[in-house]
Each structure stands twice: as C-alpha cells, then as structure tokens.
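# What the coordinates show
Residue-level listing of the chains:
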Amino acid sequence: MSEVTAPAGGTKRGSAAARSTATGASADRSPYLRSSIIVGGVIVLLFVALAVFAGPLSAITGNDPYAEHPEALAGSVPAGFGGGISASHWFGVTPLRGVDLFSIVAYGSRISLGIGLFSSVISLVIGVALGLLAGYFQGLADALISRTMDVFFGFPFLIFAIALSVVVPQSFPRPLLLTLVLGFFGWPGIARLVRGQTLTLSKRNFAVASRVMGASPAHVLWHQILPNLMPLLIVNVTLSIPGRIGAEAGLSFLGVGMNPPTPSWGRSISDAVQWALVDPMYLLFPGGALFLLTFGFNLLGDGLSDAIDPRKGVRA
Amino acid sequence: MTNKHVVRAAIAGVCAAVLALSGCGASNNTANGTANGQSTGATGGTLNVLLSSTEMDLDPAKSQGLPITTNGNIFRRLTAWKITQGGETKVVPDLATTTGEPSDDGKTWTYTLKDGIKFDDGTTITSKDIKYGLERSFADSLTGGLSYHKTLLVGAQDYHGPFDGKHLDSIETPDDKTIVFHLNAPFGDWPWVASLAAFTPVPEGKGPASGYGKTPVASGPYKVESNEAGKQAVYVRNKYWDKKTDPVRTAGPDKIVFKMSQDTSVAAQSIMQGTGEGKNSFLSGFVPPAQLAQAQANPAYQKLLATSGDGALEYLAINTKRVTDLKVRQAIEYAVDKKAYQTASGGEIAGNFATTLITPGIAGREKYDLYKADSTGDVDKAKQLLKEAGQTSPNLKLIATSDQAETASSIQTSLKRAGITVDIQTLNDDVFSDAETNNEGDYDLVIGGWQPDFPSPYANISPLFDSSQIGNGNYNLARYSNPEVDALIKKATETIDQSEAGKIWAETDKKIMADAPVVPLIYSKNTFIHGSNVTNFVIGNFPAYPDYNQVTLASAN
Amino acid sequence: MNILAYIGKRIASSLLVILLITLALFLIFFLLPTNPAQLSCGKPCTPEQLSRVSAFMGTDQPWYIQMGSYIAGIFVGRTFGTGGGAVVCDAPCLGYSFRLNESVSQLIADRFPVTASIAVGAAVLWLIIGVASGVWAALKRDTLVDRTLLGLSVVGVSAPSYLIGLLAVIAFALSIQIFPSGGYVNFSQDPVQWLYHLILPWLVLAILSAAGYTRITRTQMIGELSQDYIRTARSKGVPESVIVFKHALRNAMLPVMTMFGLDLGGLLGGAVLTEKVFSMQGLGALLLDSVSNLDLQVLVGATLFAAVLVIIANLIVDICYSLLDPRVTLGRN
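For chain B, the name recorded in an unreviewed UniProt entry is Extracellular solute-binding protein, family 5, with Bifidobacterium callitrichos DSM 23973 as its organism.

Chain A has the name Binding-protein-dependent transport system inner membrane protein in an unreviewed UniProt entry, where Bifidobacterium callitrichos DSM 23973 is given as its organism. Quoted straight from UniProt, the Sequence similarities (unreviewed entry) entry for chain A says "Belongs to the binding-protein-dependent transport system permease family." Per UniProt, chain A has the following entry under Subcellular location (unreviewed entry): "Cell membrane".

Okay, here's the thing in structure tokens:
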C-alpha cells in the first residue's frame, strides 16, 4: 500500500477487480503461486504462533514488554552488539529505558494480527449482508446501499480515523476502537464484490429454479448464493488483511493509534526513527516484522486466489 | 503532532501551541557556556535557526513568546531582558528611558521614550504607537497572546480593540514621548509585563485585524524580509535601528533565516555533521535523546551542546479537591522516588531534584525542603502517614500524555512501594490539556511543568496556586484553594518594593508546600545544540533558552 | 443524452456524499470534549475572555448552527465579529483558521502545489514502471523474469511506504547525503531544487505503488493475450508488437486506468504519510495539523476538498470507462 488512504485495500482493489472483466488470477496455476501458498502460510503461521505464545516466549528469558533494564544500557544507548542483542535479549533492548525488544515485537504481533483478523470479520459480516441484500433484492435496497458505499469510498478514511481517536474517550480500549474503525470502513469493497456476484448468480438457472419452486429468499441466499461466493471471499479477505495491519501501524506511527505502553509495531517504528543512526536495530526489528507479516499475507492471498480459481468456483 | 523533541515542553502543558517558537517550556546555564558565551563574534554572515513548527505568526498581539526568542530581534518593547551567561536575568529599559516610574502606590506607571527610536520605514516611534499595539491585543480576532496586562488595566474588560475607533482610556499618551498606565490594583512586576510582546509598537493603521503576523513592522535591528509558512522566514537588517539606543541586542549576523517544519532529529544531525549550513545553524527546540546520546559520546560534538541550568519546575500535582486528606498528600510527598523520575526523564542532564516552588534563578527564592528524604523517597514515613490517615492502600488516577508514558510509569512504580495504586490514563495531547485545565478536574494526579513567563515569583506561584486559576483553561492543576495563600499572593503582588515582595513570596512558597498540593520533582534542564561556527550562545539563569538577541557567528561566512 | 443524464445523477449523489461527510465531521467535533476557543484564549485565561473568544469564533453555538453557518459560508461568505475588527472570509468560504490567520481556501491554495507535485510526479512514474514491468512479466509468463517481477511486486505491495521512506531518508539523506532529507521548494522559485527535493519521495512512492500496477497489468495482459481475437490476429500474421501494444495493451489498460484515476485522486487530497516522512507541508500535513490543533474549519475545508477530488476522480474514471468499453453499462458495476 502506498499510502493508508483506504483501510482495507478494499476500495481500490475491490473497485478495480469488480470493474474488470477477468476476475483476478491467471487462468492456470503456476508453480510460483503454489509455493507462495506454502511460504506465505508458513510466515503467517509463525506470526500467529508468536502472537499466541508471546507471553511464554518472552518469559523464557524472563522478559515482558514493560520492564526496564537500565543494566543493558550504556548511558541511554543499548550496550553491546546489534542494539544490545544477548542471550537474555534476543532482539536487544530499546534505548533510554532498556525494554526487551523481542517482547515488544512478540506482543506487538497480537495487536497487528488481532486487529487485522477481527476487523476483517466485521467487514465481512457487514459487506456480505449488505452486498447480498443489494444484489438480490435490487431496487430501493440496492440504491440505498450503493449510495452508502459511495459515501464510504469518497470518505477520507485516514482523517476520519485520526479525528475519531481524539473524540473517543480514552477509557474506551484502543485495540477495540481500531478494530471497529477498520472493520466499519473496510466493508464497501466486500459489499461491492458480493453485490456484483449476487446480481449474476441470482439470474443463474439454479437460483431461478429454486425461486420457482418456492424457496424463500433467505434460503436461496444462504444455501445457493453464499456457498458460491465463499472462495472469492476467502481470497478477498486474505488480501485485505495486509492493508488493515498496515493501517493500524500507520495510525500508530502517526501517533493516533495504540497508546503506550501497549506494544505496537507502528509506534515502535516512529520511536525508533530518530535513533536510526545510533541504534539501527531498534528500527529494523519492528519494521521487519511489519513487513514480513504483510508479505506473508500477500503471498498467501496470491496463492489462494490462484488455487481457488474464482471462475471455477462460481461455475461449480 | 507531538514529536519527541517537545516532550518536556509538552509536559509544561502551558505551551502547547507556540512551543518551539516562543521558547516556552522548560529550563537554563551551560556546562561549556563560558567558552561559547563570552567570546566576541563576527559581524555579518547568515545565521540559521531550525524550527520544527510549520508557521511563524509574528503578530505581537497574539504572541506568547519569550522576549528573547523569535520576535526579540524584530520587536522592541518598553523594557527588555538583560541576559548574561549563568547570571541573573534583569529587566532593563528598552524603548523607554527607565523600567517604569510607579506612582499612586504602584497603580500608575509612567514611561518616557528614548530619542532616536525608529520603525523600519524610518518614522519615529511614538507613545501612541505603543498604545495602539496594546489596544490591538484586545481585539476579538487577536486573542491568544500573553494577557497579564488585560486583567490589570482599568476598563479593559469591556474593551474590544481599536478597530471601531474606540480607545482604552487607562493608557494615556499626554505627548509623543510619554505613556501612562492606570492599573486597577498595585502591581510590582509591571516592568516585566512591559517587556512582553503586546508592548511592541505598531504604527496606527498599519496593524489590521488579521494578517499582520506575516511581515509586521519592525522596530528592532532586523526586519522581516519574507515569511513563508512551512518554509522559511528571513530577517534582514533594519537600517533605522540605532545600536546606541539598545542595551540588549547585539545584531551580529547580517541575516537570520528561520527554517520551518524541520525534523528535529534530522536537523540536530546536520548541525553535528556541520555540512552545508549546519555549522551556521542552531536548533530552536531541545536536542532529541538519540542525538543527545550521540553528541555526548563524541568530544567533537559535545562542545556543540549547551545545557541550561535549573529551569522549569516539573511537579506531580495532587488534585486537592479529590485527595482531601493532608496526610495522604504528605505520604505522596515522601513516597515519590525523584531519582527514578529523573532517570525516566533522561538522567542527570534532565534536571536537578526540586524541593521549592519558586525556581532557582528567580529573585526572592529561598531554598528549603519541607519533606526531607533521600532522592529515592522515604517509603516508611509514607506508609506511616497513610496509616495515620486510615487509608493504607489508596487508589489514584494519573492522567498523562503519551509522551509522559515513561515518567508516569516511574511515578506509578514509586508510589506502589508505599501501597498506593496508581492507574495511568494516557490521553491524546489536546484532550489532555483540556482534561487537566477544565472545570471538572477528573483526575487525582497529573505531572505538570511550569516555566514562568517572566522571572518573578509572581509568574511562578500565582498561575499554579491562586484559587482564581482553577479550571477554565488555567493551570492550578492541584485545584488548590487556600484563602490565606490567596491573600499572601495578593499582598506580594501589590508590594512594589521588590526585596520586600520577595520575602512574602518565600513565605507563600512554604505555606503552600505545607499543604502538599504538589510534589516538586525536578528543575528541568534544557539541552540545545548549535553549529561549530555559532557563538555567543548565551543561556542565562532564566529562562532556560538561548538569548537569540545575542547569538552570532564566529566568522562571517 | 444518456451520458449527460448520468453525469447529472452522479453529481447529485456526489453532493449528497459531500453533505454527509460535512455532517459527520461536525458531529465528531461536536462530541469532542474540548473547546477549540481555549487554544486562542491567551494566558492567563479568564472565563470572560474565553466566552468572548467563543462568541467571536462561533463555537458557543450548537453544532447544527455552526454547520449551517459553515455551509452558508461556502455560498455567501462569512464575517466573524462585527465592525472594524471583523474578519471577513469571502465566498466561496471554506472556513477561516484563527490559528493560521488565513482563509481555508487560501491555505489549500498554498498547500495544494506541494501535494500535487508529489502526487502527479510519483503517479506518472509508478504508471510507467508498473505497466512496463507488468507487460514484460506477462510476455515472459512463468519464466524467471515473470517470477522475479511477481516476487518483487509482492514485496512492494507489502512494504509500508513510510518505513521505506524513512529508510531512504536515513540512507540517502543522512548517511551518504546525496539527497535533501525533506522540505519543498517552489517550482517557480527554483525548478532544479524543486526536482532535487522531490526525487526521493517520488521514487519511494512510485516504486512501492508500481507493484500493484505490475500485478494488475500482468493479469490483464495475460487475460487479453488468451482472447480469441488475438489468436485470430496472430494467425493472420499481424506483427507481434502490434498485437501486444496496439490490441492487447489497449484493452488491458482499462482497469489499470481505473485504479490509476482513483489512486491519484486520493493522493491529491493529501499524502499524509509521505508528507510527514519527508517534512513537506502539503495538504496531508495541513490536515494532520488541523486535527491536532482542533482547527475544525481547516479540517472540514481540507477534507471536503479531498473528498471532492476523490469524487471527481471516480466520476472521470466511470465516464472514461463507459466511453471506452461498450460492454459496461453506465452506473452498473
């Protein structure tokens, strides 16, 4: 993502994909894309493990992301090689306070993954529900929903998110707030996709047949249209997660995301910037983690979109 | 947004908007000061001042700036600050011949203007220009500046500025050389007030209700050649300025360029490396921690640093409206680990331990310590006091900005030792400054910092402890209200004899601390960095900022 | 005519969108627990002074009145205060910043060239890089070239621009010092310096954004090249270069241009992160500043400007699309 102007990548990509006649992946599978599933999957799984076991993993060396270790510093700069890398601090420590950097990265992955995944679920639920409604019933429902989508597409998301962070009382947990904001702004891409597919699918023989036989709209939507959409949705969601993770990090980088002392990669990056020449490892670890995780999801998404050929899925 | 370099200044919540420019923040003199301080610089060359702020509004009516920073070189006022390296800062006559003649028990102040003082277009500055400048500051469109004079001048409450042809009668200009102020109460510090930006002369008819701040008419040794938001402001010589009339400005460089929207880390880096303009530049803000560490480790860079002496008071305010038991507050006085706070602020270079409210370098200060303990605190005494109060494990809410995360957690840890649980609530900067100064006061503890606007105990004590300064955007953060203290403040303020006033202030200081509304933590020091060719980088005992009026280049480039 | 009716409909709905955005922003700021007037109150601040400032700025009014005056100001202009000391903001008044003493329209006019310089330059570069590498990858499908380009594109899509931007500043501006670390010089003032200051942000934005274009161009090209008409053309002996560039690329460019229009429209409204990393005072920096200073009028004005740009970009894309591709009916996705 060049700039975090869209929360979920859904807007740009969604609109482009929805307008394009060929839906995404190339027709046949290449070995490259198959290996990308494996590599991407492994990266993502590693980070999931890191997030789930952040506590025990940090505890191996007796660390947590809050405790200060002034003994690991020489003055205000980490002592020793690579920003204070040692047996007890695998990634070294932060300057000034000497907090264990591995713990920060590990706990930070919880925030990144958690917000990425849960906001996707919210977007998915809203997007699918509204997309199905608009595509199946058309008419007024479609007009209303489509106009709402236009509002969201034209909405300066980043500014809105910044403003919200100021308005919402600080007693409201930031991770939840970011999840809700990203979830709430990430649905139009999915809704547009679902609407388009539903429009096509509901004219297909099997759907028409069901309706003729007296099936309720809910039955048709749930049993016939939704299953056909699943592969597309999985790919779309997987590919939207990097955007969400990037958006959280970007907001935290700008100082309007996660508040200290909660570890967040984006905030660590912004803290580390001024130390870059003195202690480059401080920037490298959280920055590298952020890049690697988004890279993993993108690889996985690419591979999946090829493996589950959307057109094939639709025809089944 | 708050960058790391404004950390300390942001703590001094006072200064939110005008930070780097005004030089409002924390503290003052230098380790290597004499080397830099007293040498004679060259005349000529271009001096660069690197600012992180994105615009420079130079309208004197709206300025909260110190008289010795950005606008010191273009605006003269009735009085000025005479700053010497490590010495006491004195108020001296600038446009006027004296610092003010009081009469009517200090309710009337009279000034006579010097001969040979001119604007940058060559016209002579008259007392009417000063009156007009002051009147402008009452206009509804020109609010936001320091407003000490607004509460003091008779009839000012109902005055809305000169743009409708109305004038403020409590400022009299019997002739072009004389200006008389009528105050509603005696005010011994008026000579200091007369040094603030609102007392800058503005030629009548040339200072519109908006837009004057870009290139205002100058009266100092420089005039504003250009001022482009986000880029730079250029000061060039004002040929009508006469050095003989000016006791404080040395006007060394031919040109001063203020470069705006600079990244502090990058700017500090370029100054250290000394490449290009770096050696002829100085950073207006504090040196960020990373560059500070870098410079301290390298002897060549170390001599570019200038650290002030004891400056702004950083303190832990205890909301006396909520923590009503004196014993509990006293327990907090003992429980706080000032050493840990100092470490979290960056170590010894961040400042010395504080015990008094009036800061070092201000006339009238008496050193004392009501709550004697090690710098790490006296946990046993704190526990005992809590026991006496019958509250062995109080639960308190500390509000903090994200920049205070580290210092706040050090307070949390140190109070924990005495059994006091502190919940830290991190707030966004603007929400924070509202939360600490609004009328509700929904907090038990808050870390504050206060750099007085002028070096007088009045500016130190009154804004923080007078009961009229609770809420409404004011900084009595402890919400401290004691009629006896109010009376003492009033008495000291109205005492014209300054040594007499000083005694009353010292008494007030102790009286307040006996009620333990705040825990003095440290007198913060500011560290600045300047290029190798920059000299006369003088930081006096007050304020903890370099005197821009004296900075010169060692050799003209 | 069909097209005109369509444009009319889109403009009407765009106005609705803009109104809703304004409403949302005013609501948000109404909910803010702080009084923007407090920042302009002065020091020390008395309650009387505060209410004077609030009245002058209009923040003592309920939010819907404030919003009403704001919207009215766009059409008839606004006057703050009365008499000689009043501040006048002529129509179309997008608001007035008391912090910066400038009308919001003037602020936007000042800042837009910075953002536009960043956005347009970067966009041209990323379009060229993206399309060229996408075509190349499609032609060399499943070879080492294709796989390398695809791999690089995933890297590019995954790397956050601000992180790469920061690394670029550290490497090229601070360590080896061949580029300035930030800032902006007006083109009219010094075109060479203008270019010199923009190279780094352009390259960072362009290289990272190009990744998305590589991918979509590649996919589209592969799709087009497998179409029947291409096979027919080939069998008729049409030169390969003509097939690739004249036929396949032309059709493949449609979705690419869609994406380009939307990206550029969004970026023109403020490149918040890029401007921050490279210390450039464009619209993004203005927006970010206005939020941290509670400068509601600037926030609303600049946001509206950004929203209008996005909407116009959408409109242009839709219209171009329908003109170029008869398969698509207007207003349908």
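## Quick word on the overall build of chain B
On a plain count of helices and strands, chain B comes out with 17 helices and 21 strands. In summary, chain B has a C-alpha radius of gyration of 23 Å against a globular reference of 24 Å for 557 residues, a match within 12%. With the C-alpha coordinates of chain B rotated into their principal frame, the extents come out at 70 × 55 × 40 Å. The burial tally for chain B puts 65% of its 557 residues in the buried class.

## A closer look at the interface of chain C and chain A
Between chain C and chain A, the residue contacts involve 55 residues of the former and 51 residues of the latter. Elements with a contribution of two residues or more to the side of chain C that touches chain A: helix 1 (2–31), helix 5 (144–158), helix 6 (161–175), helix 7 (191–225), helix 9 (240–268), helix 10 (272–277), helix 11 (283–292) and helix 12 (296–324) of chain C. If one sorts the elements of the side of chain C that touches chain A by residue count, helix 7 of chain C sits on top with 8 residues. Among the residues making up the side of chain C that touches chain A, the classes are represented as 36 nonpolar, 15 polar and 4 charged.

## Focus: unusual backbone geometry
Excluding glycine, a negative phi dihedral is what most residues carry, and trans is how most peptide bonds are arranged. Here B:Phe542 and B:Pro543 are connected by a cis peptide whose omega angle stands at -10 degrees. Mapped onto the fold, B:Pro543 is located in the loop between strand 20 (534–535) and strand 21 (552–553). Phi is positive for B:Ser261, close to 45 degrees, though the residue is something other than glycine. Here B:Ser261 lies in the loop between strand 10 (255–259) and helix 7 (264–273). Owing to 23 C-beta atoms within 10 Å, B:Ser261 belongs among the buried residues under this scheme. Phi angles above zero are rare outside glycine, and C:Asn101 is one such case at about 55 degrees. Checked against the element boundaries, C:Asn101 lands in the loop between strand 3 (96–97) and strand 4 (102–103).

## Some words on the sheet that holds strand 1 (residues 46–50) of chain B
All names here are of chain B. What the 5 strands build is an open sheet, ordered 8-9-10-1-11; its pairing is mixed. The strands lining the two open edges of the sheet, one partner per strand, are strand 8 (222–227) and strand 11 (281–283). If you compare each strand with its neighbour and ignore which way they point, the axes differ by 20 degrees on average. Note that strand 1 and strand 11 share 3 bridges and pair parallel. Paired with Leu-50 across the two strands is Leu-283, which belongs to strand 11.

## Side note on the confidence of the model for chain B
All names here are of chain B. With 93% of its residues at a pLDDT of at least 70, chain B reaches an overall mean of 88. Below a pLDDT of 50 lies the segment residues 1–38, which in the model reaches 146 contacts outside its immediate sequence neighbourhood of four places, other chains included. In the predicted assembly, ipTM is 0.81 and pTM is 0.84.

## So, the UniProt feature "transmembrane region" (unreviewed entry) in chain A
The UniProt entry lists residues 37–60, 72–91, 111–137, 149–169, 175–194 and 281–301 of chain A under the feature "transmembrane region" (unreviewed entry), expressed in the numbering used here. In this annotation, residues 111–137 of chain A is assigned 100% helix and 0% strand; the end-to-end C-alpha distance for the span is 38 Å.

## Notes on the interface of chain A and chain B
Between chain A and chain B, the contact holds 18 residues from the first and 22 residues from the second. Residues of the side of chain A that touches chain B, tallied by class, amount to 10 nonpolar, 7 polar and 1 charged.

## Digging into the environment of B:Val266
For B:Val266, the position within the fold is in helix 7. Of the residues examined, B:Val266 has 24 C-beta atoms within 10 Å and is grouped as buried. In the structure, B:Val266 is positioned 25 residues away from B:Gln291 in sequence and 9.1 Å away in space, judged by C-alpha atoms. Discounting residues that sit within four places of it in the chain, B:Val266 has contacts with C:Leu174, C:Ser181 and C:Gly182.

## Quick look at the nonpolar core
Core analysis: the largest hydrophobic core is formed by 348 residues, its most contacted members being B:Leu316, B:Ala335, B:Leu398, B:Ile529 and C:Ala302. Tallying contributions element by element places helix 5 (residues 101–137) of chain A first for this core, with 16 residues. Setting aside residues no more than four positions away along its own chain, B:Ile529 makes contact with B:Ala268, B:Ile271, B:Phe282, B:Leu283, B:Val287, B:Ala295, B:Leu304 and B:Leu305.

## What about helix 8 (residues 174–185) of chain A?
For helix 8 of chain A, which comprises 12 residues, the first-to-last C-alpha distance of 16 Å matches the rise-based estimate of 16 Å (1.5 Å per residue) to within 8%. A:Arg174, A:Leu178, A:Thr179, A:Val181, A:Leu182, A:Gly183 and A:Phe185 are the residues of helix 8 of chain A that are buried.

## Topic: the pairing of strand 13 (residues 313–318) of chain B
Residues in a regular strand project their side chains so that they alternate between the two faces of the sheet. Residue and element names in this part refer to chain B. Burial within strand 13 is extensive, with 6 of its 6 residues counted as buried. Neither face of strand 13 is left uncovered, since the one carrying Leu-313, Tyr-315 and Ala-317 and the one carrying Glu-314, Leu-316 and Ile-318 both have all their residues buried. Inspection of the sheet shows strand 13 paired to strand 17 (residues 445–450) by 6 bridges, in the antiparallel sense. Bridge pairing in strand 17 places Ala-317 opposite Val-446. Here strand 13 pairs with strand 18 (residues 518–524) via 5 bridges, running antiparallel. The partner of Ala-317 across the bridge, within strand 18, is Val-518.

## Re the domain arrangement of chain B
Residue and element names in this part refer to chain B. Here chain B is partitioned into domain 1 (76–210) and domain 2 (312–524). A separation of 33 Å is found between the C-alpha centroids of domain 1 and domain 2. Residue composition of the side of domain 1 that touches domain 2, grouped by class: 6 nonpolar, 4 polar and 2 charged.

## Observations regarding the packing of helix 15 (residues 457–465) of chain B against helix 17 (residues 498–514) of chain B
In helix packing, the relevant descriptors are the interaxial angle and the interaxial distance, both defined with respect to the helix axes. All names here are of chain B. Where helix 15 contacts helix 17, the two axes come as close as 11 Å, and the packing angle between them is 35 degrees. For the pair helix 15 and helix 17, the crossing hand works out as left-handed. Residues Pro-457, Ile-461 and Phe-465 of helix 15 lie in contact with helix 17, whose contacting residues are Gly-502, Trp-505, Thr-508, Asp-509 and Ile-512. Grouping the amino acids of the contact of helix 15 with helix 17 by side-chain chemistry returns 5 nonpolar, 2 polar and 1 charged.

## Observations concerning the confidence of the model for chain A
Residue and element names in this part refer to chain A. Of the residues in chain A, 86% have a pLDDT of 70 or more, and the chain-wide mean is 79. Under a pLDDT of 50 for its full length, residues 4–28 has, in the predicted model, 82 contacts with residues more than four places off or in other chains. Note on residues 310–316: pLDDT under 50 across the span, and 11 contacts to partners over four residues away in sequence or across chains.

## Regarding the environment of A:Ala79
Residues and elements named next belong to chain A. Relative to the helices and strands, Ala-79 is located in the loop between strand 2 (77–78) and helix 4 (81–84). Each C-alpha atom of the pair Ala-79 and Gly-98 lies 9.5 Å from the other, and the pair is 19 residues apart in sequence. Not counting residues within four places of it along the chain, the set of residues in contact with Ala-79 comprises Ala-72, Leu-73, Ala-74 and Gly-84.

## What about helix 13 (residues 405–416) of chain B?
Note that an α-helix has 3.6 residues per turn; residues three or four places apart therefore point the same way. Over its 12 residues, helix 13 of chain B extends 16 Å from the first C-alpha to the last, a length consistent with the 16 Å expected when each residue adds 1.5 Å. Lining the buried residues of helix 13 of chain B we find strand 13, helix 10 (326–335), helix 11 (338–344), strand 15 (395–401), strand 16 (421–427) and strand 17 of chain B.

The rules behind each value
- Residues numbered from 1 in each chain as written.
- Chains lettered and ligands numbered in written order.
- Predicted model: local features only at pLDDT ≥ 70, side-chain atom pairs only at ≥ 80, totals over all residues.
- UniProt positions renumbered as here; feature names shortened; annotations may be inferred.
- Helix = DSSP H or I, 4+ residues; strand = E, 2+ residues; numbered from the N terminus.
- Rg over C-alpha atoms; globule rule 2.2 N^0.38 Å.
- Buried ≥ 20, exposed ≤ 12 C-beta atoms within 10 Å, placed from the backbone.
- Contact = placed C-beta atoms within 7 Å.
- Nonpolar A, V, L, I, M, F, W, Y, C, P; charged D, E, K, R; others polar.
- Pairing = 2+ DSSP bridges.
- Axes fitted to C-alpha atoms, helices over the stretch in contact; angles between N-to-C directions.
- pLDDT = per-residue confidence, 0-100.
- Core = buried A, V, L, I, M, F, W, Y, C linked by C-beta atoms within 7 Å.
- Expected span 1.5 Å × (residues − 1).
- Domains from an automatic or database assignment.
- Left-handed = near helix turned anticlockwise from the far one by under 90°.

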